[in-house]
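# Structural overview for review
Now for the letters of each chain:
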Amino acid sequence: MSEITSLTLTELVKNIKEKKLSSTEITKAFVERSQKSKELNTYITEDFSSAIEKAQKFDDKPNFDLKLPGIPIAVKDLFCTNGVRTTAGSKILNNFIPTYESTVTQNIWQQGAILLGKLNCDEFAMGSSNETSFFGNVQNPIDKNLVPGGSSGGSASALAANLTPVTIGTDTGGSIRQPASFTGTVGLKPTYGSCSRYGIVAFASSLDQAGPMSKNVKDCALLLEVMSSYDKKDSTSIDFNRSKYSLELNNNIKGKKIGIPKEYRVDDMPIEIEELWKKGIEHVKECGAELVDISLPHTNYALPTYYIVAPAEASSNLARYDGVKYGFRSHGENLIDMYEKTRSEGFGDEVKRRIMIGTYVLSSGYYDAYYLKAQKVRRLIKNDFDVVFNQVEAILTPSTPSSAFKIGEKTNDPISMYLNDIFTVPINLAGLPGISIPAGFDKNDYPLGLQIIGKAFDEQNILNIAYSIEEKINFKNKITDWWIK
Ligand code: GLN
């Protein structure tokens, strides 16, 4: 058998059910590889000994009816895990140990998964490169000098490096799809309301969604099936009929109408991305889909709208970190002084930038000009999709306007960092599902992703389209294990 850690989730589950591998063997294999991979800096908190104990317990009394029987999984450090430190990549939560579990992680443990540890991410999920984390940047296993993307950078890196068979991330403006694209992995951002936000450290509540990240589409479907649930504890959770995504997965997309939006052909887009997109179009055509040229006229406004709405919500959500209720507290002469010192020492620069933008656009003098306007534009962006989805069943675009960039390349230029999200943010603003799948390489052999966007609640459809493209492309990540000495 090939090395345990390079098996897919589906293969691991099969091996466990057929008793060819035990949970302990599998868990130990991932723990050992993770221990040899410290240089990548993917973990913020390791939970290895407890993981092995849980695996042994599972093997003593196995339950093969579960969907993730005894499977070890590391998760983004934005999900609250009962009794295990949860930092959101921030100094201000450096010592925070939740006394409750997020619904999404609860769902995966209930199906037999075992926590391996908590993975690095941009501070409060604000970033596109994992460089805003208080715990340092993460390396991309593709190449030492590359960022893994962000904010779910630790998750994407750990997954691509075979330190976890699958992982879960969150996506507010692209944080699952962009790192998936940068690391040659699959990442899906579900419809807003599909996965509960309960117990996830909040960034921008009207945009945040948890989603699966995996090595292939089948694993992605299985993990989504387990993660997604209606949850009374989240008032924006939606009670809809969830498909059994992994069981209903198929590659028959004959006759499906797929839209190609002209606005996603941006200036200065590298020729490789253009070619990748063309290749994707050819593939879906060969599978019998019908391509339709479409227009999403307000696409250009998505990025500025996002960078008003997201910071506005963030500034409000982050007001709770005052040194009284959670985590880090600095010493102050009096209460106000303590608040000020705690927040100024506890938050990093990017988070402070967002808080300042957010409070500015919400301030009484500027509310109408910025925040209210942005909300109106958000509606126009959503309307664009509503119109287009009368003509087509899905939309095919590149996932990002470039391949992974170098560590440090964009840290001093927030605007160019923000531009990275140009293809991903419109989907969050409209609440729609989107999946990124690895589809090719640039001239340096860095992976590139294609994005498929669906109607609300139509995850099955985008998974099926992704599945058929995946079959055609047969993508193989080029990773040399350079970090293992
Ligand atoms: N890169 C985007 C930002 O910094 C998106 C982050 C996310 O999806 N969490 O806001």
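The structure this text deals with has already been given above.
Here goes a summary of the coordinates provided. Position numbers for residues start from 1 in each chain and track the written sequence from start to end. Per-residue local features are limited, in this predicted model, to residues with pLDDT of at least 70; the limit for side-chain atom pairs, both in listing and counting, is 80 or more; totals at the level of whole chains, interfaces and linings are taken over all residues. Just so you know, side-chain values use all the structure's heavy atoms and leave hydrogens and water out.

This next bit is on the overall build of the protein chain. Helix and strand assignments come from DSSP, with helices taken as H or I runs of at least 4 residues and strands as E runs of at least 2, each series counted from the N terminus. Helix and strand counts for the protein chain stand at 15 helices and 11 strands. Its C-alpha atoms give the protein chain a radius of gyration of 21 Å, within 12% of the compact-globule value 23 Å for 485 residues. Judged by the C-alpha coordinates and their principal axes, the protein chain covers about 65 × 55 × 45 Å. The proportion of buried residues among the 485 residues of the protein chain is 62%. Contacts are residue-level and defined by heavy atoms, with any inter-residue pair within 4.5 Å sufficient. Look at the contacts in the protein chain between residues 6 or more apart in sequence, and 76% of them connect residues 24 or more apart. Total accessible area computed for the protein chain in this model is approximately 18600 Å², and 49% of it derives from carbon and sulfur atoms. Every radius of gyration here is taken over C-alpha atoms, with the globule rule written as 2.2 Å times N^0.38, N being the number of residues. For every residue, the accessible area (1.4 Å probe, protein chains only) is compared with the maximum for its type, and the residue is labelled buried under 20%, exposed over 50%, or partly exposed between those bounds. We get accessible surface area from the Shrake-Rupley algorithm with a probe of 1.4 Å; when it comes to residues, only the shown protein chains can shield them.

Take the pattern of salt bridges next. In what follows, salt bridge is the name for a side-chain nitrogen of Lys or Arg lying within 4 Å of a carboxyl oxygen of Asp or Glu. Overall, the coordinates contain 20 salt bridges when judged by the stated rule. Bridged by salt links that share partners, the residues Lys14, Glu18 and Lys20 form one connected network.

Turning our attention to the site of the ligand. Surveying the vicinity of the ligand reveals 15 residues, the closest of which are Thr172, Gly173, Ser175, Tyr306 and Arg354. Between Gly127 and the ligand, the recorded distance is 2.8 Å, taken from a backbone N or O atom to an oxygen atom. At 2.7 Å, a side-chain N or O of Ser175 approaches an oxygen atom of the ligand. Here the ligand has 300 Å² of accessible area as a free molecule, and 99% of this is covered by the chains. The criterion for a residue being near a molecule or strand is simple. One of its heavy atoms has to lie within 4 Å of it. The definition of a polar contact used here is a pair of N or O atoms within 3.5 Å, where within protein one atom must be able to donate a hydrogen and the other to accept one, and adjacent residues in sequence count solely through side-chain atom pairs.

Don't take any of this as a statement about function, it's just geometry.
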